[in-house]
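# Understanding the architecture of this molecule
Spelled out from the first residue to the last, the chains are:
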Amino acid sequence: MPDSNELVVDAQHLSRRFGNSVAVRDVSLQVRRGEIFGVLGPNGAGKSTALRMLCGVLDPTGGRAIVVGHDVAREPEQVKASIGYMTQSFSLYTDLTVAENIGFYASLYGLGGAERRRRIDHVLRESELDARAHQLAGELSGGWKQRLALVCATIHQPPLLFLDEPTAGVDPLSRREFWEQIHGLATAGTTIVVTTHYMDEAERCHRLAFIFHGEVFDSGRPDEIVARAGLSIAEFVVDDVDQATYLLQDMPGVEECAHYGHVLRLAVHGGAEAVADARARLERAGLALHDVRETRATVEDAFVAMVRRERRA
Ligand SMILES: Nc1ncnc2c1ncn2[C@@H]1O[C@H](COP(=O)(O)OP(=O)(O)OP(=O)(O)O)[C@@H](O)[C@H]1O
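The numbers attached to residues start from 1 for each chain and follow its sequence in the written order. At least 70 in pLDDT is required for a residue's local features to be given in this predicted model, at least 80 for side-chain atom pairs to be given and counted, and no such filter applies to totals for whole chains, interfaces and linings, which use all residues. Water and hydrogen atoms were dropped before computing side-chain values, which therefore reflect all heavy atoms in the structure.

The chain is annotated in an unreviewed UniProt entry as ABC transporter ATP-binding protein of Nannocystis punicea.

Right, dumping it as structure tokens:
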């Protein structure tokens, strides 16, 4: 865990309007040095807009944010020079080689001479892209492209890195390797702000903010957010999942009944008592019940419950 109290991002009541619609409303968040801070929210929630303001590429229409010591509205150029920013559509030059792409970004960020050469060699080795240094970027697989994009976005060793859905469409192994790299950067002192739709990735962040309709609904450590959702999870191994779902879905406190093959996964408010009630219902109905096991609630459970509650409101 990061032990620094130094705030690398300090956003206070940040807002952004587009015409009559408000994409980001009154967002306040603080990110400490060395933290991996996840921003979650459904499509259109305002995550990218918030990130773009923090990167100094979009002016806020309200509030203020200090990012690596600079005001994003008054000193956007200093902010841009001090950060790394990688999006899903990060521009790699497909007709340039791996090494040429890295060289291009190194020059863009003002690296020159021996330092430039030393840094390029170092990142090629560290990212294991050295064996592919002379391959065209366009010929790389998705996972290697994304690894190259990360190298390009961090070639100037920025203290703060923004990642906007960096692993969208990347296979699970590459995603895991990517997250190991992210943790390596954070351990070395880089602060990371990342948006993602993958809830396993959210679990790997030090802290999270849930954004809905442009507002922060909840923020904190993943375990705090999960605890606040107050859900118990039970898995019922049954032959007839449809029948079990029919029997449980209107029970008070039920948040979700989800099919997983022969398993009905129940998310319910009300703790062990509610799980016992659910089991009793199935038994009373004479359903073949092979096993019942309680498991921990996840960030995904908390996220889905929050989005549903919002939609019902
Ligand atoms: N340049 C723009 N002009 C007008 N509206 C915009 C602009 N950029 C974003 N919006 C609107 O602001 C809202 C928030 O969009 P944003 O892209 O920030 O959401 P998001 O949470 O990043 O979504 P996703 O998960 O789909 O990437 C949306 O309603 C979007 O249509």
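After that view of the structure, there is still more to cover.
### Description of the overall build of the chain
Regarding its fold elements, the chain presents 11 helices and 14 strands. Its C-alpha atoms put the chain at 80 × 45 × 40 Å along the principal axes. Burial statistics for the chain: of 313 residues in total, 50% are counted as buried. Two residues form a contact once any of their heavy atoms are found within 4.5 Å. Intrachain contacts of the chain at a sequence separation of at least 6 include 68% that bridge at least 24 residues. Put simply, the chain shows about 15,000 Å² of open surface, and 47% of that area lies on carbon and sulfur atoms. A positive count includes Lys and Arg, and a negative count includes Asp and Glu. His and the chain ends are not counted in either. To locate a charge, take atom NZ for lysine, CZ for arginine, CG for aspartate or CD for glutamate. The chain carries 34 positive and 44 negative side-chain charges, and their two centres are separated by 4 Å. Helix and strand assignments follow DSSP, with helices taken as H or I runs no shorter than four residues and strands as E runs no shorter than two, numbered in order from the N terminus. The buried label applies to any residue whose accessible area, calculated with a 1.4 Å probe on protein chains only, is under 20% of its type's maximum; exposed applies above 50%, and partly exposed to all values in between. Note on areas: Shrake-Rupley, 1.4 Å probe, and residue coverage restricted to the protein chains presented here.

### Some words on the sheet that holds strand β5 (residues 70-71)
The pairing criterion for strands is at least two bridges between them, as found by DSSP. If you trace the four strands from one edge of the open sheet to the other, you get β2-β1-β4-β5, paired in antiparallel fashion. Where the open sheet ends on each side, the last strands, each with one partner, are β2 (21-32) and β5. Note: strand β1 (residues 7-18) against β2, eight bridges, orientation antiparallel. Note on β2: the bridge partner recorded for Leu14 is Val27. Geometry is summarised by axes, namely lines fitted to C-alpha atoms with helices restricted to the contacting stretch, and by angles between N-to-C directions that run from 0 to 180 degrees. The sheet contacts of helix α1 (residues 47-54) involve β1, β2 and β4 (62-67), and relative to β1 the element is tilted by about 120°.

### Some points on the packing of helix α9 (residues 241-248) against helix α10 (residues 271-284)
Where α9 meets α10, the axes come as close as 10 Å, and the angle between the chain directions of the two elements is 120°. Overall, the two elements α9 and α10 adopt an arrangement that is oblique. Here α9 runs over α10; the crossing is right-handed. Across from Ala244, Leu247 and Leu248 in α9, the residues of α10 making contact are Ala278, Arg281 and Leu282. Of the residues belonging to the contact of α9 with α10, the class tally is five nonpolar, no polar and one charged. Under this scheme an angle from 65 to 115 degrees is roughly perpendicular, one under 35 degrees roughly parallel, and one over 145 degrees roughly antiparallel; angles in between are oblique. By the definition used in this description, the sense in which the near helix is turned from the far one sets the handedness, with an anticlockwise turn below a right angle giving left-handed and a clockwise turn giving right-handed. Residues are grouped as follows: Ala, Val, Leu, Ile, Met, Phe, Trp, Tyr, Cys and Pro are nonpolar; Asp, Glu, Lys and Arg are charged; all remaining types, including Gly, are polar.

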